[in-house]
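# Survey of secondary and tertiary structure
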Amino acid sequence: MGCSVLSIRLPYSASTKRLLTMPGFSSAATSASSATPPSPKPKPWLLVGLGNPGKRYQGTRHNVGFELLDAVAEAEGISVSSVKFKALFGKGFIGDVPIMLAKPQTFMNCSGDSVGPLVSYFHIPLNQVLVMYDDLDLPFASLRLLPKGGHGGHNGMRSIIDHFKGNREFPRLRIGIGRPPGKMDPADFVLRPFNRQEREELDFTMQNGVEAVRILLLEGFNKSATFVNSNKKSMKMGNG
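Anyway, here's the lowdown on the structure attached to this text. (Residues numbered from 1 in each chain as written. Predicted model: local features only at pLDDT ≥ 70, side-chain atom pairs only at ≥ 80, totals over all residues. Heavy atoms only, no water.)

## Section: the sheet that holds strand 2 (residues 82-84)
- The strand order 2-3-4-1-5-7-6 describes an open sheet built from seven strands, whose pairing is mixed. The strands lining the two open edges of the sheet, one partner per strand, are strand 2 and strand 6 (143-146). Put simply, the sheet's adjacent strands are angled 30° from each other on average, direction ignored.
- Sheet strands in contact with helix 3 (residues 64-76) are strand 1 (45-49), strand 3 (87-94), strand 4 (97-104), strand 5 (129-135) and strand 7 (172-176), and its direction is about 145° off that of strand 4. (Pairing = 2+ DSSP bridges. Helix = DSSP H or I, 4+ residues; strand = E, 2+ residues; numbered from the N terminus. Axes fitted to C-alpha atoms, helices over the stretch in contact; angles between N-to-C directions. Contact = heavy atoms within 4.5 Å.)

Below is the structure:
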């Protein structure tokens, strides 16, 4: 089926023993061997934003994954302009955590053709692959962070899970785009642009999404999920 938009330890020798028992021997001489080993470097994360390439799809609902990844890149000063494994790609850091950013250019339904090879080549553990994408089943401009799960009918996620040989144990940040009005075909709805009011709300959501990503990488999943959920509640209270 073709791709579419839709979706070493030193030996303790006798000479060493004699040296250590000599009068006046300074313990500082052994400081190098007794020093605490350096803490391991943080492993890199792969952050993936899903969408469709080309000007035709810029600003549409199906491309909010691209938008959130761009927002992270801008906030952290990372250029996502090189091409690797069919994706616009960039490297940088959030704090001391190395990150890779990717925007698959395969069209939505074949996102796995890019994400799968990226994960394999860079040996990224799946629990450090964060996929960001649109969700029809979430209220507009809301966020939901999950540690794992299915594709929920999203063809981009379906493609990624297929390339992971059915493994669903990777986190995802879903961005609500709401349901289509009336009897509008969802396939048409996801390719529609946002109006001015929606764009203002979405810009606020993108700021929260960037903060959620920072908390996830620096403080862990639970704190990030708490941030996302508490922010959702405060937004509701503000609108009430």
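Further notes follow.
## Details of helix 3
- The first and last C-alpha atoms of helix 3 sit 18 Å apart over 13 residues, in line with the 18 Å expected at 1.5 Å per residue.
- Within helix 3, the full set of buried residues consists of V64, G65, F66, E67, L68, L69, A71, V72 and A73.
- Of the surrounding elements, those touching the buried residues of helix 3 are strand 1, strand 3, strand 4, strand 5, strand 7 and helix 7 (196-219). (Expected span 1.5 Å × (residues − 1). Buried < 20%, exposed > 50% of the residue type's maximum accessible area, 1.4 Å probe, protein only.)

## With respect to the pairing of strand 1
- Extensive coverage of strand 1 is indicated by the burial of five of its five residues.
- Bridge count between strand 1 and strand 4: four bridges; the pairing is parallel. By the bridge assignment, V48 is partnered in strand 4 with A102.
- Inspection of the sheet shows strand 1 paired to strand 5 by four bridges, in the parallel sense. Note that in strand 5 the partner of L47 across the bridge is L130.

## Observations regarding the pattern of salt bridges
- Tallying each qualifying case throughout the model produces ten salt bridges.
- In this structure, R214 and E76 form a salt bridge, with 2.6 Å as the shortest nitrogen-oxygen distance. One end of the pair, R214, is in helix 7; the other, E76, is in helix 3, with 138 residues separating them in the sequence.
- Note that E169 and K148 form a salt bridge whose closest N and O atoms lie 3.9 Å from each other. Of this pair, E169 sits in the loop between helix 5 (155-163) and strand 7 while K148 sits in the loop between strand 6 and helix 5; the two residues are 21 residues apart in sequence, bridging distant segments of the chain.
- A residue is classified by how much of its surface remains accessible, and E169, at 45% relative accessible area, is partly exposed.
- Counted as one network, the salt bridges with shared partners bring together E67, R199 and D203. (Salt bridge = Lys/Arg side-chain N within 4 Å of Asp/Glu carboxyl O.)

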